[in-house]
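Chains, contacts and geometry: an overview
So you can see what is in the structure, the chains are spelled out below.
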Amino acid sequence: MITSEGNGMKLKDVVERLGLKVAAGGNLEGEVAGGYASDLLSDVMANSREGDIWVTMQAHPNVIAVASLKGLAGIVVVQGRKPEEQTVEKARQEGVPLMVSELQTFELVGRLYSLGVSGTR
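Quick summary incoming for the structure in this document. Note that the structure is predicted; figures quoted are calculated from it, not measured.

About the cut-offs
- Residues numbered from 1 in each chain as written.
- Predicted model: local features only at pLDDT ≥ 70, side-chain atom pairs only at ≥ 80, totals over all residues.
- Heavy atoms only, no water.
- Helix = DSSP H or I, 4+ residues; strand = E, 2+ residues; numbered from the N terminus.
- Rg over C-alpha atoms; globule rule 2.2 N^0.38 Å.
- Buried < 20%, exposed > 50% of the residue type's maximum accessible area, 1.4 Å probe, protein only.
- Contact = heavy atoms within 4.5 Å.
- Areas by Shrake-Rupley, 256 points an atom, 1.4 Å probe, with all protein chains shown as cover.
- Lys, Arg positive; Asp, Glu negative; His and termini not counted.
- Charge placed at Lys NZ, Arg CZ, Asp CG, Glu CD.
- Core = buried A, V, L, I, M, F, W, Y, C linked by side-chain atoms within 4.5 Å.
- Salt bridge = Lys/Arg side-chain N within 4 Å of Asp/Glu carboxyl O.

Digging into the overall build of the protein chain
Tallying secondary structure elements over the protein chain gives 5 helices and 6 strands in all. Across the protein chain, helices and strands are ordered from the amino to the carboxyl terminus as β-α-β-β-α-β-α-β-α-β-α. Over its C-alpha atoms the protein chain spans a radius of gyration of 12 Å, differing by no more than 12% from the 14 Å that the globule rule assigns to 121 residues. Along the three orthogonal principal directions, the C-alpha set of the protein chain runs to about 35 × 30 × 25 Å. Relative to its 121 residues, the protein chain shows a buried fraction of 45%. In the protein chain, the share of contacts with a sequence separation of at least 24, taken over all contacts with a separation of at least 6, comes to 53%. Split by element, the accessible area of the protein chain, about 6,000 Å² in all, is 48% carbon and sulfur. Taken together, the 12 basic and 15 acidic charged side chains of the protein chain have centroids lying 1 Å from each other.

Description of the nonpolar core
If you look at the biggest cluster of nonpolar residues, it comprises 20 residues, and the most contacted ones within it are Val 14, Leu 20, Ile 53 and Leu 108. The element contributing the most residues to this core is helix α1 (residues 11-18), with 4 residues. Beyond its immediate chain neighbours, meaning those up to four positions away, Leu 20 contacts Val 14, Val 15, Val 76, Met 99, Val 100, Ser 101 and Leu 108. Tyr 36, Leu 41, Val 63 and Ala 91 belong to the second-largest nonpolar core, a separate cluster that totals 17 residues.

Re the pattern of salt bridges
Throughout the structure, instances matching the rule amount to 5 salt bridges. Note that Glu 85 is salt-bridged to Arg 92, the shortest N-O span being 3.9 Å. With a closest N to O distance of 3.6 Å, Arg 92 and Glu 89 form a salt bridge. Separated by 3 residues within a single helix, Arg 92 and Glu 89 lie in helix α4 (residues 85-94), roughly one turn from each other. Salt bridges linked by common partners bring Glu 85, Glu 89 and Arg 92 together as one network.

Rendered as C-alpha cells:
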C-alpha cells in the first residue's frame, strides 16, 4: 500500500500527464489530495482518505462503491484491465472518475510520485 499527499493537482492534470484513458467521467476538476494503492477493498475502506486517487487492478463494480463511500478523487485500474460494463455504468451513476492505464501498479505509483503525489498526511 502507498499513501501520499498531493500538491493540489487536479485530476484532469493527472489524467493528461500520465496518459490515462477515462472509462467514466465524474469530476475531473477535483483535487488529488493524495494516493493509495491496494487491491484489497477492506484495506482501502480502512486506510484511504478522502481525495486520494486509488490505484488497483480490481475492475468489478464494488470498487465504485468503496470509492464513493470514501470520497476518493478517482480510481485507476492498472495493467490494461478493462473494467466490467457494470463497473463503468456504476461509475457514471455515482459520478466516480474511473481511469485505465496499461502500466503496472509499481510504475504508475512511481509516476504519481514524480508528479508530486507524495508523503504521508
